[in-house]
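# Working through the structure, step by step
Here are the chains, one letter per residue:
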Amino acid sequence: MEKRLIKKESLAGVIAELAGKMRVCAPMQAEDQVLFRVLEPSERPLVDFANTKNAPKNFLFPRTETLLKYTRTPKGMVAAGGAEEGMKTLFFGCRPCDARSFKLLDMLFDQEKYQDPYYIDKRAKTTVVAMACVHPPYTTCFCTSVGGNPTDSEGADVLLTDLGDQYLAEFITPKGEELLAAFGGTPAGVEAEKAKEGIAAQASSEIASTVPAREAKPVLDVRFEDPFWSTLHQKCLACGTCTYLCPTCHCFDISDEVKRNDGIRIRNWDSCMFPLFTKETSGHNPRPSQKERWRQRVMHKFRYYVDNFNAIACVGCGRCVMACPVNMDIRKIVADIVKL
Amino acid sequence: MSGGTATVENPVEKKLREEAKRLLADKKVDVIVGYEAGTLPLTATPCFITAPEEADKLVWNPCCTQNLAKFVHDLLSQHHEAQKRVKPEAKRKKTVGVVARGCTTRSLIIHLQEKQYGRDEVVILGVPCGGYVDNRKLAALAGGEEIREGAIDGSEVVVKTAKGNRKAPLGELLADCCLTCRFNEPVLADVETGKGTPVAAADKEYEPVGAFENLPAEERWAYFEREMAKCIRCTACRNVCPSCYCRICFADQSQPRWVDIGENASDTQLFQLMRMYHMVGRCVDCGSCTAVCPMGVDLRKFLKKLDKDARDLFGHRAGVSLEEPAPLGTYKETDKEEFIFNPGGGGH
């Protein structure tokens, strides 16, 4: 693995230059929040930020994407085009939790039983440059409880670590190594590695929230009918903010939108919080109330995903904790489940 | 994970807990909807209490944001629905207690007027209100940094961030709707817990809307388009609104589908327009929709305009009396109708 030292002041410029050559998505200030969005050519991204309000998943698994187009003719339906082909993309500044979310999404969209061509195409063309959390940005961060780490490189092609006066850049994958020329810098020595080890140990110890996420699984296995679910959801507004901001939530709904003779088939984010979630054509919904929907949300993340892929479908970014309008706190919910 | 607020002496909260405990112990209510401390600093969150000993977790402070009338409607309509499948001899009444500030009591009055439940099914624990903290103003005070600790001491708010402490007078952080609120006391209550201090600027209530009304139509439309472009249709505004209680919202209907689910601007605009038009004479300006919006859409501007129209055209103020009929629920020969025949001329 190639390791380089990059001058602090040159990083934003390197990314800005890349933005002229390919699609670059990066953290940018937008009014009073930091959003992960596409840079204009030569636009400089934020390099000093906590984390983006939205998760990067929108650029691999868009909120709305066209799967196919068709036209109605006197002879019947005629295909009028397919999905847009993905473009060469660089994700800059993903936090390790978000970089790890791509690994978790891969398990579902790119697996033996099911290959999702739309996701796989975009994923294959995306290079992830992650930025380690030298100091975990929020007290709500709990990546270490769900298998992550604030300075980990899982899911990243390049990992940047702020050593104080310069960045240590680790080019982890062949995709990452393609960026060597663009990043430049000088070869990193043993000292930089030592410095990173110290930073890594310190960063992990600074994670303020611990969640008994692994202990939840055996409880969930036997508590499907527990009275706990009858009260958990009571204050939930069913707004779906948690699932929209979640880096790993991936449920979708497919819908046809037709105007006159032209139709498109679109795939949209769905949310287990919505009343239409899993509603069947007959009108029946096996999850008729917020009780069943909340149970689904928790079960999916902490039980079913473990059953299917041996991984918890949560990266501990804390977005849902911070953004929920009624303070449904997944850290507390999981802690309460373990006590059942 | 400790949250909450270090407050100075809080006699209303003390009285509230005593009264809640008494109501539950005497079996006067089955459940009390109130607020408890949240898991994040300077937050409070709705809670549901069914045992007297839980009453001590009730809080009443300027972090108590949402209008709880929504939950009263949820609980009672679910109960009514469940009772339909129960034999007559086994039917049971459910009584819900609710911690209610001025705007919450106005929403309860709207529910009662609209025959959503009986007056005997709700016990109102009235609380005086000096307004609640706007979470965006609070975030601005913290300079975009995470609030690691926070406290409200009297009339001063202090937040601790990784970059140091910041403070501001409470009055500067209150939600816009609270700054011109004239309902600092409950309009209707079964239990009283104290008296509040009136907010002085109630006469300025419609000033910002008046200024907006006077803009050219193109500018008003451009503002509407820009605000609606922020909306991600999470429907938090609809779901938190006590006046939005349709059993199946038109936006959730799939046969026919009135609103498509993709990211089409006109679908979002349609959803918001339709929702807002159902609010004429039914919006109490509690600010809950704005408070829960994750994208910061300025919904209040448009709702306040409709509120002003109900006031100007029908002399109506939503939810202030059980007797006064709602403008959408009544017809008078003297009703103004210029806005129908001459929509451009009346400024409405």
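Thresholds, definitions, all that
- Residues numbered from 1 in each chain as written.
- Chains lettered and ligands numbered in written order.
- Predicted model: local features only at pLDDT ≥ 70, side-chain atom pairs only at ≥ 80, totals over all residues.
- Heavy atoms only, no water.
- Helix = DSSP H or I, 4+ residues; strand = E, 2+ residues; numbered from the N terminus.
- Rg over C-alpha atoms; globule rule 2.2 N^0.38 Å.
- Buried < 20%, exposed > 50% of the residue type's maximum accessible area, 1.4 Å probe, protein only.
- Contact = heavy atoms within 4.5 Å.
- Areas by Shrake-Rupley, 256 points an atom, 1.4 Å probe, with all protein chains shown as cover.
- Lys, Arg positive; Asp, Glu negative; His and termini not counted.
- Charge placed at Lys NZ, Arg CZ, Asp CG, Glu CD.
- Core = buried A, V, L, I, M, F, W, Y, C linked by side-chain atoms within 4.5 Å.
- Patch = residues over 30% accessible without salt bridge, like charges linked within 9 Å, V, L, I, M, F, W, Y side chains within 5 Å.
- Salt bridge = Lys/Arg side-chain N within 4 Å of Asp/Glu carboxyl O.
- Domains from an automatic or database assignment.
- Buried area = accessible area lost by both parts, 1.4 Å probe.
- Axes fitted to C-alpha atoms, helices over the stretch in contact; angles between N-to-C directions.
- Parallel < 35°, antiparallel > 145°, perpendicular 65-115°, else oblique.
- Polar contact = N/O pair within 3.5 Å; in protein donor to acceptor, adjacent residues only side chain to side chain.
- Pairing = 2+ DSSP bridges.
- Nonpolar A, V, L, I, M, F, W, Y, C, P; charged D, E, K, R; others polar.

Counting its secondary structure elements, chain B contains 13 helices and eight strands. Here the C-alpha atoms of chain B give a radius of gyration of 21 Å, agreeing with the 20 Å that 2.2 N^0.38 yields for 348 residues. Burial status across chain B gives 52% buried among its 348 residues. Of the contacts formed within chain B by residues at least 6 apart in sequence, a portion of 71% connects residues at least 24 apart. Accessible surface, chain B as shown: approximately 16500 Å² in total, 53% of it carbon and sulfur. The centroid of the 48 positive side-chain charges in chain B is displaced by 3 Å from the centroid of its 50 negative side-chain charges.

Grouped together as the largest cluster of nonpolar side chains are 128 residues, with contacts concentrated most on Phe91, Trp294, Phe302 and Ile337 of chain A together with Trp60, Leu108 and Leu138 of chain B. Leaving out residues up to four positions away in the same chain, Ile337 of chain A has contacts with Ala216, Val219, Leu220, Phe228, Trp229 and Val298 of chain A.

Let's shift gears to a nonpolar patch on the surface. All names here are of chain B. Together, Phe339, Ile340 and Phe341 give the surface a local cluster of nonpolar side chains, amounting to about 340 Å² of exposed area. Relative to the helices and strands, Phe339 resides in helix H13 (residues 338-341). Note on Phe339: relative accessible area 31%, which makes it partly exposed.

It is worth spelling out the domain arrangement of chain A at this point. All names here are of chain A. The domains assigned to chain A are domain 1 (2-54 + 84-205) and domain 2 (213-262 + 269-338). Distance between the C-alpha centres of domain 1 and domain 2: 27 Å. If you look at the interface, domain 1 gives 24 residues, while domain 2 gives 21 residues. Summing the contributions of domain 1 and of domain 2, the shared interface buries around 2000 Å²; its carbon and sulfur component is 66%. In terms of surface lost to domain 2, no three residues of domain 1 exceed Leu104, Thr140 and Phe142, which account for 28% of the buried area on that side.

Moving on: the packing of helix H10 (residues 290-309) of chain A against helix H12 (residues 330-338) of chain A. Residue and element names in this part refer to chain A. Where H10 meets H12, the closest approach of the two axes is 12 Å, and the angle between their N-to-C directions is 80°. The orientation of H10 with respect to H12, classified from their angle, is roughly perpendicular. Residues Trp294, Val298 and Phe302 of H10 lie in contact with H12, whose contacting residues are Ile330, Ile333, Val334 and Ile337.

Moving on: the domain arrangement of chain B. All names here are of chain B. Per the domain assignment, the segments of chain B are domain 1 (11-192) and domain 2 (206-341). The straight-line distance from the C-alpha centre of domain 1 to that of domain 2 is 24 Å. The interface of domain 1 with domain 2 comprises 28 residues on the first partner and 29 residues on the second. Regarding the contact of domain 1 and domain 2, the summed buried area is about 2300 Å², with carbon and sulfur atoms giving 52% of it. The interface formed by domain 1 and domain 2 includes two salt bridges. Between Arg247 and Glu81 there is a salt bridge, with the nearest N and O atoms lying 3.8 Å from each other. Inspection of the domain 1/domain 2 interface yields 13 residue pairs in polar contact (both at pLDDT 80 or more). Where the side of domain 1 that touches domain 2 is concerned, the elements lending two or more residues are helix H2 (69-83), helix H3 (102-113), helix H4 (135-141) and helix H6 (176-179). Take the side of domain 1 that touches domain 2: its biggest share by element is eight residues, from H3.

Residues and elements named next belong to chain B. Read across the open sheet, the three strands follow the order S5-S6-S7; overall the sheet is antiparallel. The two strands at the open ends of the sheet, each matched to only one other strand, are strand S5 (149-153) and strand S7 (164-169). When strand polarity is set aside, the average angle formed by the axes of neighbouring strands in this sheet is 15°. Sheet topology note: the S5/strand S6 (residues 156-161) ladder contains five bridges and is antiparallel. Paired with Gly150 across the two strands is Val159, which belongs to S6.

With 33 residues of chain B at the contact, the number on the chain A side is 36 residues. Summed over both partners, the interface of chain B with chain A comes to about 3100 Å²; 51% of that surface belongs to carbon and sulfur atoms. Inspection of the chain B/chain A interface yields two salt bridges. A salt bridge links Arg63 of chain A to Glu263 of chain B, with the shortest nitrogen-to-oxygen separation between them at 3.0 Å. On inspection of chain B and its partner chain A, the count reaches 16 residue pairs in polar contact (both at pLDDT 80 or more). Listing elements by their share of the side of chain B that touches chain A, those giving two or more residues are strand S2 (44-49), H2 and helix H9 (236-240) of chain B. Taken together, the residues of the side of chain B that touches chain A break down into 13 nonpolar, ten polar and ten charged.

Okay, the sheet that holds strand S8 (residues 191-192) of chain B next. Residues and elements named next belong to chain B. Spatially, the five strands line up as an open sheet ordered S2-S1-S3-S4-S8, and their pairing is mixed. What marks the edges here is a single partner per strand, and that holds for S2 and S8. Here strand S3 (residues 96-100) pairs with strand S4 (residues 122-126) via five bridges, running parallel. Along S4, the bridge assignment pairs Val98 with Ile124. Packing against the sheet, helix H1 (residues 11-25) makes contact with strand S1 (31-37), S2, S3, S4 and S8, and its axis sits at approximately 160° to S4. Along the sheet, H3 contacts S3 and S4; its crossing angle with S3, the most-contacted strand, is approximately 140°.

Attention now goes to the environment of Asn149 of chain A. All names here are of chain A. Note that Asn149 resides in the loop between strand S7 (126-131) and strand S8 (158-162). Overall, Asn149 belongs to the partly exposed group, its relative accessible area being 22%. Considering only alpha carbons, one finds Asn149 and Cys133, 16 residues apart in sequence, at a separation of 8.8 Å. Aside from chain neighbours lying at most four places away, what touches Asn149 is Pro96, Cys143, Thr144 and Ser204. Engagement of the side chain of Asn149 in a polar contact is seen with the side chain of Ser204, the distance being 3.1 Å.

Moving on: the pattern of salt bridges. Residue and element names in this part refer to chain B. Across all of its chains, the model carries 56 salt bridges over all chains by this definition. Across the pair Lys304 and Glu205 runs a salt bridge whose closest N-O atoms are separated by 2.7 Å. On the criterion of sequence distance, the pair formed by Lys304 in helix H12 (residues 299-314) and Glu205 in the loop between S8 and helix H7 (207-213) is long-range, its members being 99 residues apart. The buried category is assigned to Lys304, whose relative accessible area is 3%. For Glu205, a relative accessible area of 10% corresponds to the buried category.

All names here are of chain B. At a minimum axis distance of 10 Å, the contact between helix H8 (residues 217-230) and H12 shows a crossing angle of 130°. By the angle class used here, H8 and H12 are oblique. For the pair H8 and H12, contact is made by Tyr223, Phe224, Glu227 and Met228 and by Leu299, Lys301 and Phe302, respectively. Tallied by class, residues from the contact of H8 with H12 come to five nonpolar, no polar and two charged.

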